[in-house]
Amino acid sequence: MDTLLPFLLRQSAAKNVPYSALFNFRHSNVEGAPQIGTQTALGALAARDAANLPQALDCEYGRVGHFTAAFNRGTTIRFSAKRSFWSIVSGIPQDWSRAGRSPRSWEARSTMAEYSTNPAPDFIPAKYFAGLARLASHAGATLHPYTAVMGIQRAAGGFSVRTIRGEIWARDVLIATNGYTGDAFPEFQRRVIPMGSYIVVTERLDPAVANRLIPKGRMIIDTKHVLYYFRRTADDRLLFGGRASFAPTSVERSREILQAAIAKVYPELTRVRIEYAWKGNVAFTFDLLPHLGRHHNGMHYAMGFCGHGVAMGSYLGNRIGAMIASDEAPAPPFASIPFQTRFFYRGRPWFLPLAGWWYRVLDAL
Ligand SMILES: Cc1cc2nc3c(=O)[nH]c(=O)nc-3n(C[C@H](O)[C@H](O)[C@H](O)COP(=O)(O)OP(=O)(O)OC[C@H]3O[C@@H](n4cnc5c(N)ncnc54)[C@H](O)[C@@H]3O)c2cc1C
């Protein structure tokens, strides 16, 4: 199992099958999970518990499910192969189906294929985060926003943490800086590749139009390397995101890029007004897997969610918290996977524009 899981995770990290596919086990049949190994069964159970958390928070939790748009015919074929792969490996029937061409206006040569297990959960991450912060606060945690850590050293029985507001002593330290890992943590900075992800939100659409463009209100993601992901909001806007640029860029520029992308996907929205735009960093790793564990200097870490940190981060945050609280807590299999870097990488991803160019070439083939 220790070797199977990294393999499975690599598969899930590969194009077209996001990590969330692994987490979809929890929706369908947790009892079936032991068939792919005890550790994953535990993971699936823990993930199910983590998945219950958003329901308890005021974060517009729903289960509309997602729709994966196969960008070309080759991908549609790979979908079928992956459906079989997942069904055989997990022993859980995968409820995937082809959905022909839809919506009509998708870029000319693409086909759409739907795969979903049971309806995947969706919620508003900012509200989820605020809800978690509220819970932590009620449980007695003291939160210190806007307090950057400048450096950490070992000190008697723990760590001395130097922040912009002064120095504190901590018995335990968890580094969870993901796509914002900076100079304060050079060893981790060399292991995660920060990449911008960008979102725009349109003006309100006519509800009938919104319903036609995104049937069933599903979350939609495509299978390009330079992907788009989008959904309808509760107030009938189109929320549209994507890897607008591999090189760091401004929100203004990404807004233009994504507006042009919306026009490609939905030509009838060519003149739609964009009312909101923002960006944030995600963190990729060299093996496309998330990593967590205890560093040799005693600090704990959890990062590298490769753009899928909402479910993964919740689950692994739960696991690393248990590991910090007790030496007896079982480490999830991710903890045994070496956290790699490359000799040419010091934390400045100079190669991203090249990678972006290459991925665009692949998407064009
Ligand atoms: C536009 C966009 C869309 C996304 N869509 C999805 C999605 O659909 N599904 C999904 O699963 N994931 C999605 N993600 C990814 C998801 O948001 C991240 O994976 C998740 O936020 C990671 O959580 P985290 O707590 O590990 O890190 P973050 O939420 O990035 O938090 C890291 C924190 O560390 C702080 N920090 C950094 N350095 C220091 C320091 N020296 N001192 C103190 N604090 C520091 C930062 O200020 C930051 O608050 C998206 C991300 C973006 C930007």
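Please read all numbers here as calculations on a predicted model, not as lab measurements. (Residues numbered from 1 in each chain as written. Predicted model: local features only at pLDDT ≥ 70, side-chain atom pairs only at ≥ 80, totals over all residues.)

Student: Can you walk me through the sheet that holds strand S6 (residues 166-170) in this structure?
Tutor: Adjacent strands of a sheet pair through backbone hydrogen bonds, lying either parallel or antiparallel. In spatial order, the strands read S4-S5-S6; together these three strands make up an open sheet with antiparallel pairing. Single-partner strands in this sheet number two, and they are strand S4 (149-155) and S6. Averaged over all neighbouring strand pairs, the angle between strand axes comes to 20°, with direction disregarded. (Pairing = 2+ DSSP bridges. Helix = DSSP H or I, 4+ residues; strand = E, 2+ residues; numbered from the N terminus. Axes fitted to C-alpha atoms, helices over the stretch in contact; angles between N-to-C directions.)

Student: Any chance you could explain the nonpolar core here in plain terms?
Tutor: Burial of nonpolar side chains together is a common tendency in soluble globular proteins. Ile220, Leu238, Phe240, Leu258 and Ile262 are the most contacted members of the largest nonpolar core, which has 22 residues in total. Non-local contacts of Ile262, meaning those with residues more than four positions away in its chain, are made with Leu238, Phe240, Leu269 and Val272. Counting residues in hydrophobic clusters, the runner-up holds 21 residues, among them Ile193, Tyr301, Ala302 and Met312. (Core = buried A, V, L, I, M, F, W, Y, C linked by C-beta atoms within 7 Å. Buried ≥ 20, exposed ≤ 12 C-beta atoms within 10 Å, placed from the backbone. Contact = placed C-beta atoms within 7 Å.)

Student: Please explain the pairing of S4 as it appears in this structure.
Tutor: For a regular strand, side-chain orientation follows a simple rule: the groups alternate between the two sheet faces. The buried fraction of S4 is low, at zero of seven residues. As paired elements, S4 and strand S5 (residues 158-163) share six bridges and run antiparallel to each other. Directly across from Gln153, in S5, lies its bridge partner Ser160. Between S4 and S5, which pair antiparallel one after the other, the connecting turn spans two residues, and Gly157 there sits at a positive phi close to 70°.

Student: Before we go on, may I ask you to explain the confidence of the model for the chain in this structure?
Tutor: As a general rule, the predicted coordinates of low-pLDDT regions are not to be interpreted in detail. The predicted model of the chain has a mean per-residue pLDDT of 78, with 72% of residues at 70 or higher. Contacts from residues 1-45, a stretch scored under 50 in pLDDT, to residues over four places away or in other chains number 79 contacts. In this model, residues 89-118 is a region of pLDDT below 50 whose contacts with residues beyond four sequence positions or in other chains number 69 contacts. (pLDDT = per-residue confidence, 0-100.)

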